[in-house]
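Fold and geometry: a report
One letter stands for each residue in the lines below.
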Amino acid sequence: MRQFKEDFPLLRQSDLVYLDSAATAQRPDAVLAAEREFYEKYNANPLRGLYELGMEATDRYEAARDCVRDFLHAEDSAEIIFTRNTTESINLVAYSYGLTHLKTGDEILVTIDSHHSNLLPWQMVARQTGATLRYLDCEQDGAYEVKDMMAAVTPQTKLAAVTHVSNVTGRLDPIEAIIRLVHEQGGVVLVDAAQSAPHMPIDVQELDADFLAFSGHKLMAPMGIGVLYGKKALLEDMPPFLSGGEMIDSVSRFDAVYAPLPHKFEAGTVNGGGAVALQAAIEYMEGIGWREINKQEELLTEMAMGEMKRIPGVHLIGSTDPKKHHGIISFTIDDVHPHDIASILDADKIAVRAGHHCAQPLLQHLGVMSTARASIAFYNTEKDIDRFIKSVKEIRRRMGYGE
Ligand code: C6P
């Protein structure tokens with residue numbers, strides 16, 4: 001098995017078992033170096049400076065946009081908007097598209113496995129426009145039934161906000177089918193790709209997604225850089241989300257002419273260092289290759305789930321098939337609160353997340369209050385999984401129960 005831990009300073013400098021990559025990934029040297037290089041060699045305000053350094057900064061920033069365009073197989077760099085994160089990307093669509101295109105009688109469809117970032121903006125749009133918010137519910141293992149999808153999409157479905165991969169079950173949602181159904185009714189679809197972008201190639205043209213959002217920090221880039229992809233015709237028709245500097249062509253006392261795409265949606269000083277580091281992260285991942293990344297993640301997930309299934313009192317959430325988890329293993333242990341699970345693992349220098357994972361409607365639907373969640377990345381090792389399993393086996397005993 002190839003070892004990637006050595007590429008990650010935080011991991012190689014400690015004996016921490018990091019199993020919280022779905023919350024945020026670790027950063028490899030190449031990404032940290034790219035951000036540092038930007039500030040050491042090209043630091044000027046991108047899109048503004050008319051001197052050589054300023055133009056270099058602009059070139060680097062726009063090269064990062066081109067890299068993201070290729071990463072998503074988008075047609076045009078103008079369709080790539082840099083934001084802070086997935087949450088901001090979705091809010092951009094909610095405020096700029098949702099509030100201006102939806103009205104009473106329209107329906108907004110969301111998948112029940114949506115993260116709060118892909119729910120609350122639509123609750124807001126529904127409240128303010130009078131549109132109705134509807135849910136597409138999944139089965140207990142996280143799968144969606146075709147009959148439920150067909151019933152949920154109606155002629156009134158003007159917008160669907162769907163999750164690509166759930167941050168709780170790790171399940172890949174059937175977004176192609178939902179996109180087709182919604183398009184047949186004349187609606188648009190936003191895909192939350194926060195948890196899919198780190199695990200698979202994405203082709204927005206093949207998917208025919210109208211909007212797609214992801215965060216750099218789950219993809220090994222720094223925090224504070226995210227992406228919104230939108231079809232050009234839709235973005236051109238939308239008003240700015242935030243306004244101020246750099247998103248205009250000209251301003252008079254009472255009016256303004258906005259800049260063309262993508263800058264219309266990038267008000268204020270941009271995150272130049274974050275964008276170039278995102279490019280480095282994409283290049284790092286593509287250098288390893290999705291096949292290798294998936295092979296490592298699947299092997300480790302299979303190893304962990306295989307062992308966990310045999311531990312008395314441990315219950316896995318979602319599918320029994322490790323290939324359907326994308327490294328995400330949510331679980332509960334009889335009589336032990338997930339926060340206690342995380343604390344005990346922390347005492348053994350193992351980092352997992354515990355709680356509702358910002359997906360409370362999904363947990364309510366699945367009938368659990370909260371879970372512990374181990375999320376695996378390709379830089380984890382078999383030794384990490386061994387240590388994790390050894391500790392999980394001990395948890396009930398350490399809490400004072402028999403087994
Ligand atoms: N999920 C997790 O531990 P931001 O915070 O904007 O980068 O990402 C929000 C978000 C949106 N959609 C999905 C599917 C997500 O998983 C997340 C972030 C983290 O699961 C933090 S709650």
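Read on for a plain summary of the structure.

What counts and how
- Residues numbered from 1 in each chain as written.
- Predicted model: local features only at pLDDT ≥ 70, side-chain atom pairs only at ≥ 80, totals over all residues.
- Heavy atoms only, no water.
- Salt bridge = Lys/Arg side-chain N within 4 Å of Asp/Glu carboxyl O.
- Helix = DSSP H or I, 4+ residues; strand = E, 2+ residues; numbered from the N terminus.
- Buried < 20%, exposed > 50% of the residue type's maximum accessible area, 1.4 Å probe, protein only.
- Axes fitted to C-alpha atoms, helices over the stretch in contact; angles between N-to-C directions.
- Parallel < 35°, antiparallel > 145°, perpendicular 65-115°, else oblique.
- Left-handed = near helix turned anticlockwise from the far one by under 90°.
- Contact = heavy atoms within 4.5 Å.
- Polar contact = N/O pair within 3.5 Å; in protein donor to acceptor, adjacent residues only side chain to side chain.
- Near = heavy atom within 4 Å.
- Areas by Shrake-Rupley, 256 points an atom, 1.4 Å probe, with all protein chains shown as cover.
- Nonpolar A, V, L, I, M, F, W, Y, C, P; charged D, E, K, R; others polar.

All right, on to the pattern of salt bridges then. In total, this model carries 25 salt bridges according to the counting rule given. Here Glu246 ties to Arg48 by a salt bridge, and the two come within 4.0 Å at their closest N and O atoms. Residue Glu246 is located in the loop between helix H9 (232-236) and strand S9 (248-251), and its partner Arg48 is located in the loop between helix H2 (29-41) and helix H3 (52-72); the two are separated by 198 residues in the primary sequence. For Glu246, a relative accessible area of 24% corresponds to the partly exposed category. Owing to a relative accessible area of 31%, Arg48 belongs among the partly exposed residues under this scheme. For Lys231, the salt bridge identified is with Asp210, shortest N-O distance 3.0 Å. One end of the pair, Lys231, is in the loop between strand S8 (226-230) and H9; the other, Asp210, is in the loop between helix H8 (204-207) and strand S7 (211-215), with 21 residues separating them in the sequence. When its relative accessible area of 22% is taken as the criterion, Lys231 is described as partly exposed. Classification of Asp210 as buried rests on a relative accessible area of 4%. Where salt bridges share partners, they join Glu62, Arg65 and Glu266 into one cluster.

Turning our eyes to something else, we now look at the packing of helix H11 (residues 290-308) against helix H14 (residues 382-398). Helix-helix packing: each pair is described by the crossing angle between the helix axes and the interaxial distance. Running from amino to carboxyl end, H11 crosses H14 at an angle of 20 degrees, the nearest separation of the two axes being 10 Å. When the interaxial angle is binned, H11 and H14 end up roughly parallel. Note on packing geometry: the crossing formed by H11 with H14 is right-handed. Contacts between H11 and H14 involve Leu299, Leu300, Met303, Ala304, Glu307 and Met308 on the former and, on the latter, Glu382, Ile385, Asp386, Phe388, Ile389 and Lys393.

Tracing the backbone shows His263 in the loop between strand S10 (256-258) and helix H10 (272-288). Of note is the side chain of His263, whose polar atom sits 3.5 Å from the side chain of Arg65. Apart from residues no more than four positions distant in its own chain, His263 is found in contact with Leu47, Glu62, Arg65, Glu246 and Met247.

Now for the site of the ligand. Surveying the vicinity of the ligand reveals 17 residues, the closest of which are Thr87, Asp192, Ser215, His217 and Arg353. Taking Lys218, its side chain carries an N or O atom lying 2.9 Å from a nitrogen atom of the ligand. In this structure, an oxygen atom belonging to the ligand sits 2.7 Å away from a side-chain N or O atom of Arg373. Across the complex, the protein chains shield 89% of the 510 Å² of accessible surface that the ligand would expose by itself. Across the shell around the ligand, the residue classes tally to four nonpolar, nine polar and four charged.

Turning our attention to unusual backbone geometry. Along the chain, Leu261 connects to Pro262 via a cis peptide bond; the corresponding omega equals 0 degrees. By secondary structure assignment, the location of Pro262 is in the loop between S10 and H10. One non-glycine residue, Asp208, lies in the positive phi region at around 65 degrees. Summarising the element assignment, Asp208 is placed in the loop between H8 and S7. Phi at His357 takes a positive value of approximately 55 degrees, unusual for a residue other than glycine. Within the secondary structure, His357 is located in the loop between strand S14 (353-355) and helix H13 (360-366).

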